[in-house]
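One letter stands for each residue in the lines below.
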Amino acid sequence: MTATQERPSDEVEKEIGRDRRRKEDQRLITGRTRWTDNITLPGMLHLAMVRSPFAHARIVSIDTSAAKQATNVVDVLTGADLGEALGVNINAWPITPDQVTPTHSPMPSDRVAFAGEIVAVVVARSAAEARDAAELVDVEYDELPAALDLKESAADAVLAHPDLGTNKSAYWVFDSGEAGTGGSVEDAIAKARTDGIVIEREYRQQRLIPAFMEPRSVVVDPTGEQLTMWSATQIPHILRFALAATTGVPESKIRVIAPDVGGGFGGKLQTTPEEWITWAVARRLGKPAKYTETRSESLMSGHHGRDQWQKLTLAAEKDGTVTGFKVDLLADLGAYVSLVGGGVPVLGAFMFNSIYKFPAYRFAVQTVLTNKTWTDAYRGAGRPEATYAIERIMDELAVEVGVDPLEIREKNWIKHEEFPFTTVAGLEYDSGNYEAATARAKEMLGYDELRAEQRRRRESGDPVQLGIGVSTFTEMCGLAPSRVLGSLDYGAGGWEHASVRMLATGKVEVVTGASAHGQGHETAFSQIVADRLGVAFEDVEVLHGDTQVAPKGLDTYGSRSLVVGGEALVRAADKVIEKAKPIAAHLLEASVDDLEFSGGRFSVRGTDQGMAIGEVALATFAAHNLPDGVEASIDADATFDPEAFNFPHGNIINPLIVSGQVHGGLVQGIAQALWEEAVYDDSGTLVSGSFVDYLLPTAADTISFEIDHTTSPATTNTLGTKGVGEAGTIASTPAVVNAVVDAVRHLGVNDIQMPCTPERVWRAINSAGSGGSTEGAAMPHFESGGEMGNQEQPGTSSTEGAGA
């Protein structure tokens, strides 16, 4: 073999389906990372933000004189100083034409709308000196009444933005009767009230904080012909577009780099005031500038997630067959309509029907402005909220009918032979097998044995009770189809772009518009391309996160990287093979029609003649003997825009990465059920503004997980893959809460508001059992099975749309 020749195909182990340790981990775990905060440029200045302590107030005056005299302070600037150079933070998804959208200045000069809003910025030679000087800025406020309670704010009791005249931002409705995807939900409910079952519940989705590991950080270099921004962001391409659209700088003059990014979970799917302020300051002073937030700033002013009231009405026949489902939501936007914040509950609208064959469905959401930190996407983005609602109320239906929770689900779910299936929400599910997944999960958990043990404990009056929770689900992922997004008034498309470059040495450069922040793109994408081109895994280099290196892309969110970005890679790699084929045929003195490609080699059918694709790359680079009219390049680009969303779960590229994604997702979902909640006091101050009060679990707080999967390959992409990054989070929350409620349901409890803290469980038990009195009652002890399990029994979950 020559130096550039790959191994014969029979020696090449397939990469797809293989456990591979992540290429990225070596530099990440040894500290040789490229975090934004690690970047240091000559003459760089440091910023500190002055933030409002009030949730709602007029800015009377800002005295910066003392701060300007502090050691090594270069300048102190306000919104009035920076003016139009600040630009605005945009909303990319107005969900209705008449949506009420307050102007979101990165640094307002007249009024603040939430505690933590920036009113001034200090520029100094070091970060410490900037923070010290920020304490010297004297701001006089005239405090105003704050809109804090979601229900009261929906009634316009206090206005978050008095100039708008209302807190109601948008009202969005989907009705299956009107859409032609089902019947009238009101008719179904009316009939069920007469001769069936009607269940009405109201559930609370508490406010959560993404709490990513790496705080947000931004560096801007305004020197030279091109302005460069490094940012700890999930969306470098969208960020570049938004900067150009709002600050007047041509897009061609802007370079955005997302270097190593330490987690996001949707929390870095944002265009932030801090980015815009750093951009404006660097341009004004003509010097590089950096801002890195503190952890308390991150928790207070980085966008939050969830925060809904869900009013549900489910109609069913007496045997438990669901005939209609009605959902009315109040969704707290916080102080502003953020990048896609208004659209988050709309994403959930298509998932309240979940895996079930409901004949009638109506969804309505009222988005509401309040004087709290703005909300936006958090892992799952609308789909965890929807899954929680339907999986909780399906348990209530099972109790009403008097059957096991899994039995009521099986009665209503889509059977595997019915795929592809168009749901009452209008989406086509391409494939699935919920029966197989549930059977596997039941087997792993020992479901029937646990139910028997639960009965024994109930009958004997055991003080330690057992709760078993289930959650059967799917999710709409691969956030992509541009036509669908356009029909929903989303401001961008959903395509993804990729390039594959064959280097003269036989190595491969892969350029992707997807931007990783912990998912393992460099590893999984290398596996895909290695298999497709028949080259060694180690010979593939994945480039991403830099709009100059990867100029086209729509970034990473919504479990889209593999099913959209990965498919773009497949198509680009296939184009490389097709471009190389006539060159190989020419070199082998054979007809193109007689050429076959397998295992990285072109061979002439029926002969032992052949050459590796690396040899073709070298010959193309030399260009000494190319066919007439053929260009000296076999590099290729591809853009993929899927026709439909994607519904888990499919073929696995790297089982090790999938396990990590599921484990992490499970912990986040369990944390919502048991621990996490962003809490404001009556004045609008975030009282859970540190990890002392915001209970973020560590590995020591959780349990061991045993996971498995069944496979229903996607029919909408070449690899048969589906999204998995959000699955664990979506599925686990209702499973855990169902387990907690199941443990105490025999005591008269049918709901416990999340997080299900020991105190809330105790109060629920005693409220149900003593007419509302909790005085003198002892704290119970109980165990929970299902997704949560207990400390002695690992929990289990299934990764095919259904889990016990």
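Counting of residues starts from 1 at the beginning of each chain's written sequence and follows it residue by residue. Selection of residues for local features in this predicted model requires a pLDDT of at least 70, selection of side-chain atom pairs for listing and counting requires 80 or more, and totals for whole chains, interfaces and linings are taken over all residues. Heavy atoms throughout the structure, all of them, feed into the side-chain values; hydrogens and water do not.

### Quick notes on the side chain of Ser499
Relative to the helices and strands, Ser499 is located in strand S20 (residues 496-502). Of note is the side chain of Ser499, whose polar atom sits 2.7 Å from the side chain of Asp637. Under the scheme used here, helices are H or I runs from DSSP no shorter than 4 residues and strands are E runs no shorter than 2 residues, and both carry numbers assigned from the N terminus. Any pair of N or O atoms that falls within 3.5 Å is considered a polar contact. Within protein, one atom must be able to donate a hydrogen and the other to accept it, and sequence-neighbouring residues count only if both atoms are side-chain atoms.

### Re the sheet that holds strand S25 (residues 610-612)
Paired strands, in this sense, are two strands between which DSSP finds at least two bridges. Here three strands make up an open sheet; going across it, the order is S23-S24-S25 and the pairing antiparallel. Two strands bound the open sheet, and with one partner strand each, they are strand S23 (595-598) and S25. The mean angle between the axes of side-by-side strands here comes to 20 degrees, regardless of whether they run parallel or antiparallel. In the sheet, S23 pairs with strand S24 (residues 601-604) via four bridges, with the strands oriented antiparallel. The partner of Glu596 across the bridge, within S24, is Ser603. For helices, the axis comes from a line fit to the C-alpha atoms of the stretch in contact; other axes are also lines fit to C-alpha atoms, and the angle between any two N-to-C directions lies between 0 and 180 degrees.

### Some points on the packing of helix H12 (residues 383-401) against helix H21 (residues 727-744)
The geometry of H12 relative to H21 is characterised by a closest axis approach of 8 Å and an angle of 30 degrees between their N-to-C directions. By the angle between their axes, H12 is roughly parallel relative to H21. Considering the relative orientation of H12 and H21, their crossing is right-handed. Mapping the contact onto sequence places Arg383, Pro384, Thr387, Tyr388, Glu391, Arg392 and Asp395 in H12 and Ile730, Thr733, Pro734, Val737, Asn738 and Val741 in H21. Angles are sorted into four bins: roughly parallel if under 35 degrees, roughly antiparallel if over 145, roughly perpendicular if 65 to 115, and oblique for all others. The sense of a crossing depends on the near helix, which, turned anticlockwise from the far helix by less than a right angle, makes the crossing left-handed and, turned clockwise, makes it right-handed. By definition, residues are in contact when any of their heavy atoms lie within 4.5 Å.

### Focus: the nonpolar core
Grouped together as the largest cluster of nonpolar side chains are 91 residues, with contacts concentrated most on Trp172, Phe325, Phe352 and Tyr361. Tallying contributions element by element places H21 first for this core, with nine residues. Formed jointly, this core draws a minimum of three residues from each of two domains, domain 2 (36-144 + 211-301) and domain 3 (168-209 + 304-475 + 653-708 + 726-782). Residue contacts for Phe352: discarding those within four places in its chain leaves Gln310, Leu312, Phe325, Val327, Leu329, Phe358, Tyr361, Phe363, Glu385, Ala386, Ala389 and Ile390. Only buried residues count toward a nonpolar core. Its members are Ala, Val, Leu, Ile, Met, Phe, Trp, Tyr and Cys residues joined through side-chain atoms within 4.5 Å. Exposure classes here rest on a 1.4 Å probe applied to the protein chains alone. A residue is buried below 20% of its type maximum, exposed above 50%, and partly exposed in between. In terms of nonpolar packing, the next biggest core, distinct from the first, is built from 44 residues, Ala573, Val616, Phe640 and Ile653 among them. Bear in mind that the domain bounds are from an automatic or database domain assignment.

### A look at the pairing of strand S22 (residues 540-543)
Alternating residues of S22 divide into Val540 and Val542, all buried, and Glu541 and Leu543, none buried. The pairing of strand S21 (residues 508-512) with S22 spans four bridges and is parallel. The partner of Val511 across the bridge, within S22, is Leu543. Whether a crossover is right-handed comes down to one check: with the strands pointing away from the viewer, does the path from the first strand over the helix to the second run clockwise; if it does, it is right-handed. For the segment spanning S21, helix H17 (residues 521-533) and S22, crossover handedness is right-handed.

### So, helix H20 (residues 655-674)
A helix is expected to span 1.5 Å for every residue after the first. If you check H20, its first and last C-alpha atoms are 28 Å apart, about what 20 residues at 1.5 Å a residue would give, namely 28 Å. Here H20 starts with a cap whose side-chain oxygen sits 3.0 Å from the backbone nitrogen of Leu656, and that cap is Asn654.

### Description of the sheet that holds strand S26 (residues 636-640)
As summarised here, the arrangement of the four strands in space is S22-S21-S20-S26, forming an open sheet in which the pairing is mixed. Two strands lie at the open edges of the sheet, namely S22 and S26, each paired on one side alone. The mean angle between the axes of side-by-side strands here comes to 20 degrees, regardless of whether they run parallel or antiparallel.

### A word on the domain arrangement of the chain
Looking at the chain, the domain boundaries give domain 1 (9-32 + 491-640), domain 2 (36-144 + 211-301) and domain 3 (168-209 + 304-475 + 653-708 + 726-782). Computed from C-alpha coordinates alone, the two centres of domain 1 and domain 2 are separated by 39 Å. Contact residues are listed per partner, giving 20 residues for domain 1 and 20 residues for domain 2. Contact between domain 1 and domain 2 buries roughly 1500 Å² in total, counting both sides, with carbon and sulfur atoms accounting for 44%. Buried area counts how much accessible surface, traced with a 1.4 Å probe, disappears from two parts once they are put together, with both parts' losses summed. Looking only at domain 1, the three residues that lose the most surface to domain 2 are His517, Thr547 and Asp555, adding up to 37% of its buried area. Salt bridges are counted wherever a side-chain nitrogen of Lys or Arg sits within 4 Å of a carboxyl oxygen of Asp or Glu. Our count for the domain 1 to domain 2 interface comes out at two salt bridges. Asp546 is paired through a salt bridge with Arg255; the nearest N and O atoms lie 2.6 Å apart. At the boundary of domain 1 with domain 2, the tally comes to eleven residue pairs in polar contact (both at pLDDT 80 or more). Residues of the side of domain 1 that touches domain 2, tallied by class, amount to six nonpolar, ten polar and four charged. Three residue categories are used. Nonpolar comprises Ala, Val, Leu, Ile, Met, Phe, Trp, Tyr, Cys and Pro, charged comprises Asp, Glu, Lys and Arg, and polar comprises the others, including Gly.

### Some points on the packing of H12 against helix H13 (residues 405-412)
Taken N-terminus to C-terminus, the directions of H12 and H13 make an angle of 105 degrees; their axes are 8 Å apart at the nearest point. By the angle class used here, H12 and H13 are roughly perpendicular. Contacts between H12 and H13 involve Glu391, Met394, Asp395, Leu397, Ala398 and Val401 on the former and, on the latter, Pro405, Ile408, Arg409 and Asn412. Looking at side-chain class alone, the contact of H12 with H13 contains six nonpolar, one polar and three charged residues.

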